[in-house]
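Survey of secondary and tertiary structure
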Amino acid sequence: MKLKFSDILITVMIGIVFGIIMKFWDDLYTVVKPLFPVARQLIYGMWFMVAPFAFLLIRKPGVALLSSVAAAGLSAFIGHGIEVLIYGFVQGLGAELLFAGFRYKKFGIVVAGLAGIASCFAGFFLDWFYGYANLEAWALFTKYGLRVISAFLFTGVFAYYIVRALEGTGVTNLIRPVSKEEYSLLDK
């Protein structure tokens, strides 16, 4: 299943929409920081959501990585710098590799949630490289444990049900066939 131009365009648009959402989410995260310094990690999963959401919607290889880079590209452009673009690439790659591990054939809550967790782990390695994970063991476990929970909730549960709601409206029929019979019609 190769990406068509329309798939790429829709994926980039999803990334841009999530890039805008992430800007506002960053503002919320900043407000929550002094109020709930540890519990704020429970809303961190939004930054992992774009790749699984895009894959669940379009269901083609490369979409998770491309959407994450597009979202991070917008974030980098509006002032968050090149480091955010690197995070977008690494986190998108984490999700993409997880979907590849399932041969791009699983679209459920668990696989989407695991893709978010894979993004979280990928981000952890960058955090470690940049020194952001230089914490005592208990703090490291707490911080990233809460992020894993958040990653699963945002990328598995929320992304899955948002895509299901879109499927219910029929809008996804415009970007992907619903059944195997419809896939066969595309080949003719």
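Residues numbered from 1 in each chain as written. Predicted model: local features only at pLDDT ≥ 70, side-chain atom pairs only at ≥ 80, totals over all residues. Heavy atoms only, no water.

Comments concerning the packing of aromatic side chains
Just so we agree on the cut-off: Geometry of aromatic contacts follows a simple scheme: Phe, Tyr and Trp rings, the Trp one being its six-membered ring, pair when their centres are within 6.5 Å, and the pair is stacked under 30 degrees between planes, edge-to-face over 60, tilted otherwise. Only DSSP runs of H or I with at least four residues qualify as helices, and only runs of E with at least two residues qualify as strands; both kinds are numbered from the N terminus onward. When accessible area is computed with a 1.4 Å probe and restricted to protein chains, residues below 20% of their type maximum are described as buried, those above 50% as exposed, and intermediate ones as partly exposed. Throughout this description, the term charge over a ring refers to an Arg CZ or Lys NZ atom that lies within 6 Å of the ring centre and within 35 degrees of the ring normal.
Evaluation of the coordinates by the stated rule reveals 16 aromatic pairs. When the ring of W25 is compared with that of F154, the centres are 5.7 Å apart and the planes differ by 80°; the resulting orientation is edge-to-face. Of this pair, W25 sits in helix α1 (residues 5–35) while F154 is found in helix α6 (residues 137–169), placing the two residues 129 residues apart along the sequence. With relative accessibility at 8%, the residue F154 sits in the buried group. Through a chain of ring-to-ring contacts, the aromatic side chains of Y29, Y44, W47 and F48 assemble into a single cluster. Stacked on the ring of F107, the Lys or Arg R59 has its end atom at 4.1 Å from the ring centre. Lying across the ring of Y44, R147 places its NZ or CZ 3.5 Å from the centre.

Comments concerning the nonpolar core
Note the threshold: In these notes, a set of buried Ala, Val, Leu, Ile, Met, Phe, Trp, Tyr and Cys residues joined through side-chain atoms within 4.5 Å is what counts as a nonpolar core. Contacts are assigned to residue pairs that have any heavy atoms within 4.5 Å of one another.
In this structure, I14, F18 and F53 are the most contacted members of the largest nonpolar core, which totals 26 residues. Listed by contribution, the elements that provide at least two residues to this core are α1, α2 (50–58), α3 (63–80), α5 (109–130) and α6. Here this core takes 6 residues from α2, the largest share from any one element. Those residues in contact with F53, other than ones at most four positions away along the chain, are I14, F18, A159, I162, V163 and L166. A51, F55, L98 and F99 belong to the second largest nonpolar core, which has 10 residues in total.

Overview of the packing of α2 against helix α4 (residues 82–101)
The line we're drawing: Interaxial angle, 0 to 180 degrees, is taken between N-to-C directions of lines fitted to C-alpha atoms, where a helix line uses only the stretch in contact. Angular relationships are summarised with four words: roughly parallel below 35 degrees, roughly antiparallel beyond 145, roughly perpendicular across 65 to 115, and oblique for the angles in between. By definition, any crossing whose near helix is turned counterclockwise from its far helix by less than a right angle is left-handed, and any crossing with a clockwise turn is right-handed. All residues other than Ala, Val, Leu, Ile, Met, Phe, Trp, Tyr, Cys, Pro, Asp, Glu, Lys and Arg, Gly among them, are scored as polar; the first ten of these are nonpolar and the last four charged.
Where α2 contacts α4, the axes come no closer than 9 Å and their chain directions differ by 40°. One finds that α2 runs oblique with respect to α4. The handedness of the crossing between α2 and α4 is right-handed. Contact residues: α2 offers A51, P52 and F55, while α4 offers G92, A95 and F99. Partitioning the contact of α2 with α4 into residue classes produces 5 nonpolar, 1 polar and no charged.

What about the packing of α1 against α3?
For the pair α1 and α3, the least separation of the axes is 7 Å and the interaxial angle reads 45°. By the angle between their axes, α1 is oblique relative to α3. Pair α1 / α3 crosses with right-handed handedness. Between α1, through I8, T11, V12, G15, I16, F18, G19, I20, M22, K23 and D26, and α3, the contact on the second element is made entirely by V63, L66, S67, A70, A71, L74, S75, I78 and H80. Of the residues assigned to the contact of α1 with α3, the class counts are 12 nonpolar, 6 polar and 2 charged.

A closer look at the UniProt feature "transmembrane region" (unreviewed entry) in the protein chain
This is how it is decided: UniProt positions are given in the numbering used here, feature names are shortened, and annotations may be inferred rather than shown by experiment.
Here the UniProt feature "transmembrane region" (unreviewed entry) sits at residues 7–25, 37–58, 65–89, 109–132 and 144–163. With 96% helix and 0% strand, the stretch residues 65–89 has end C-alpha atoms that lie 7 Å from each other. In the segment residues 144–163, helix accounts for 100% and strand for 0%; the C-alpha atoms at its two ends are 26 Å apart.

Structural notes on the side chain of D7
As a reminder, the rule being used: Residues adjacent in sequence count toward polar contacts only when both atoms are side-chain atoms; beyond that, a polar contact is any pair of N or O atoms within 3.5 Å, and within protein one must be able to donate a hydrogen and the other to accept it.
Position of D7 among the secondary structure elements: in helix α1. Classification of D7 as buried rests on a relative accessible area of 2%. Within the structure, D7 has its side chain in polar contact with the backbone nitrogen of K4 (distance 2.9 Å). Excluding residues that lie within four positions of it along the chain, D7 makes contacts with K2, I58, K60 and I175.

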